[in-house]
Every structure is written in structure tokens, then in C-alpha cells.
Amino acid sequence: MFRQCALQMYLSTYIPSKTAPGNCSVFVAQRSRRSPLSLAFCRLTPKPVPSESGSLRCDRAPLYVHRTARCFQTPPLRTCRTSSLRTATAMALGTDLRPVHLVVPGTHVSDGAGMPICRTVGTPALRNLDPYLMLDELKAPAHLATAGFPDHPHRGFETCSIMLEGKMEHQDSVGNKGVIGPGGVQWMTAGRGIVHSEMPKVTEGNLWGFQLWINLPSKDKMVKPRYQDYQASDIPVVQEDGVRVRVMAGSHRGTIGPIEMRNPGLLMDVTLTKGSTFKQEVPRNWNGFAYVCAGSGRICGAQGSCQHALVFGPGDHVTATTTDEQGLRFLLVAGQPIGEPVVQYGPFVMNTKTEIRQAFADYESGELQFGRSLCDEEYST
């Protein structure tokens, strides 16, 4: 029963209708009566009425969705075009600045046990950016952030949790437990499978952080799970001329971040004061984006505002500057694309539908969370 409830909560999918905003349709995962491992989708229209338990009831059976599912609406996109004059000037100077070719506004949704989040990567506007599957920002007062993210499964990818304010406790199905505080980072390789929870440990102030989902290549999707936990003191900081860079992964001005990645990439927390300028080299063949979480400024020549993701085009470096009195703060994310098929169903990300069905079977049987991991002496913490 526990596993069924967990899947019903995390596999609920809500997609805005193509019709007028007031006539939304909600697509919800429903367990088929014919097979305990198959899921069917039920379209509910017009608007269903939620019960106290958070389920939606129609004429057939209860369908579990997040209480704010109908609020999943994607703001309009903004496409950036680099002028021919700017392009010619860049060529004359011998530079190859990566332009911003897409600006994605954040979409406010609910996840876990009703936690309010802002999502950019992983929405209809930007389904994924190889190898990145999702980016969520959680920012809420402590009294609104107590429900957290109860036990749920993962297989086939990695997650990165970044805390700026407050504390988050993680606990998994094989007994690992830990807390990351302000400035801390946790990198989890789910690999062949794990069930874990992420619960806030704050009673006052705010809870502010991010979760990034990173795909794994097919050769690594079934590796043993691994955790990498780093507190703020473990993250090197490069500070110069009004720019502060926390290097979580990759390299900035010769300083290397501690996170060990299976797929090459970089991850940085960048803060600029008014009038300062930031520059970072990024390999030409990598995909990347910046997510603005505070202040405003210009990133690669395009205006960056809070809770917006700026997706980079081709080039070999990115820049940022600000004239905002509050400065500018953003996450810089870039990585080598994997270039493989992505089949994602809720918390499982594989290469084929057959592998997804196997993930469900392993979860139902307990093999995913309680199988080889318990007796695997090489299990990493």
C-alpha cells in the first residue's frame, strides 16, 4: 500500500489544456485494474473537485494528484536574437560569446507533499536540455515548508540538492541519513534504484534551495547508488572585483569544485555586485543555461530576471554583468550532452519503455529499494 501511494503521488501528471485557461484538462496517472504494473491516463474535464485527502473523484475511481495541479500554467516564452552588428563585432574582436537563444519563465507548481516550487527545466516550455531533466527552486517561509518530500523512488539518473537557506534532511531505504545546511550540496547518483525522502529541518526563517536532475548515459543507469554530501565549508569560493563564485563542480580560475560527476559538467553559484563583470569558459559542445534566483542583470547580453532560465546557444564562454542595486545571483549549469533516447515516467528515467516497465516491476517487488543494495559491500556513502 505504501509503494502504491508513493507512486500515485509522484506519477501524477498535470498538463495545461491547449484550450482557454479557464477550461483546463488534467491528465492523471491511474493504476489499471487489469495489471498492477500498468498505468492508464484519465482525462478529467471540466475541472474536478478535490477532496480533503487531496484526491480527485470522478465516476469511476479516485485519481491522486497534487492539490494545485490545475495551477500548472506556462508563461509565454521569450526568444532572444543576437543582432548582426553584435555578431560582426564579436567576430572582429576574435571572441565567441554564447548567445542566449531562449528565456524560460519559471512555472509555479506543487510537488512532494504540497511543497511550492518554481520549475523551469522540465516544463512544457523546456522539457529537458540534455543532459538536464529538471530544475526546481524551493523558496518558502518555514511554516509553509514542513511537509517536504516523503519517501519516493528514483532510477536511472542523478539529483543535486543545493541549499541556500535552511536545512534539509535526507534518508534512504538502505539506512543512510544526513542533513545539509545553508550553502550545502548533496549529489545523489540513483543508478539502479533507491527510495529516499527529503524533509525540511527548519522552524523559523526561510527554506531556500534547488534541485537539479541530471540524466545518466545508458552504461551508468544501473550502477550502484552513491551519495556525495558537502557542507558550505567544503565548497571553494573565488572572490574578486565584486564577483563571488561558489564552485560546486567544474573549474573557475583554476579552482576546482568537489563534486565528482559521471558526465562532464560544471555547476556554480555566481553572485555579482553592482558594476561587476563575470566570465566563464564553457566547452563548445556542452549545453548550458543560467537560472537567475536574485536581482537582475545581463547574461551574455540578454536581460536576466528573477526566476527565469536563460538557455545558451553555441560559443566558448559566457558573461554576466549588472547595474542593479541588489546585484545579480544565478546558478550556472553546463554539461556534455549524452545524445541518447530519454524515456521518463515520473521518478524513473531510462532509454526504453521496456526498462521503465522493469523499473515499476522492481519497485513493486522491493528489488529496486531492498534488493542488491542491502548486501552490496561496495555501496557508496
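Our subject in this report is the structure included herewith. (Residues numbered from 1 in each chain as written. Predicted model: local features only at pLDDT ≥ 70, side-chain atom pairs only at ≥ 80, totals over all residues. Heavy atoms only, no water.)

### Describing the sheet that holds strand 15 (residues 206–215)
Strand order in the open sheet formed by seven strands is 6-7-8-15-10-13-16, and the pairing between neighbours is antiparallel. Of all the strands in the sheet, just strand 6 (107–111) and strand 16 (226–230) have a single pairing partner and so form its edges. Averaged over all adjacent pairs, the angle separating strand axes in this sheet is 20°, with direction ignored. Of the strand pairs in this sheet, strand 7 (residues 115–119) and strand 8 (residues 132–141) are connected by three bridges, and their pairing is antiparallel. Residue I117 lies in a different strand from strand 8, and its bridge partner there is L138. (Pairing = 2+ DSSP bridges. Helix = DSSP H or I, 4+ residues; strand = E, 2+ residues; numbered from the N terminus. Axes fitted to C-alpha atoms, helices over the stretch in contact; angles between N-to-C directions.)

### Let's talk about the pairing of strand 22 (residues 277–281)
Side chains of strand 22 alternate between two faces, with F278 and Q280 buried and T277, K279 and E281 left unburied. Inspection of the sheet shows strand 22 paired to strand 27 (residues 317–321) by five bridges, in the antiparallel sense. Of the residues in strand 27, the one forming a bridge with E281 is H317. (Buried < 20%, exposed > 50% of the residue type's maximum accessible area, 1.4 Å probe, protein only.)

### Let's talk about the pattern of salt bridges
Any two side chains of opposite charge can pair, given that their charged atoms come close. Counted under the stated rule, the structure contains 13 salt bridges. Its salt-bridge partner being E169, residue K177 comes within 3.7 Å of it at the nearest N-O pair. Take K177: its relative accessible area is 56%, and that puts it in the exposed class. Classification of E169 as buried rests on a relative accessible area of 16%. With a closest N to O distance of 2.9 Å, E260 and R226 form a salt bridge. Pair noted here: E260 is in the loop between strand 20 (255–256) and strand 21 (265–272) and R226 is in strand 16, with a separation of 34 residues, a long-range link. E260 sits in the partly exposed class, given a relative accessible area of 45%. Counted as one network, the salt bridges with shared partners bring together D96, R284 and D316. (Salt bridge = Lys/Arg side-chain N within 4 Å of Asp/Glu carboxyl O.)

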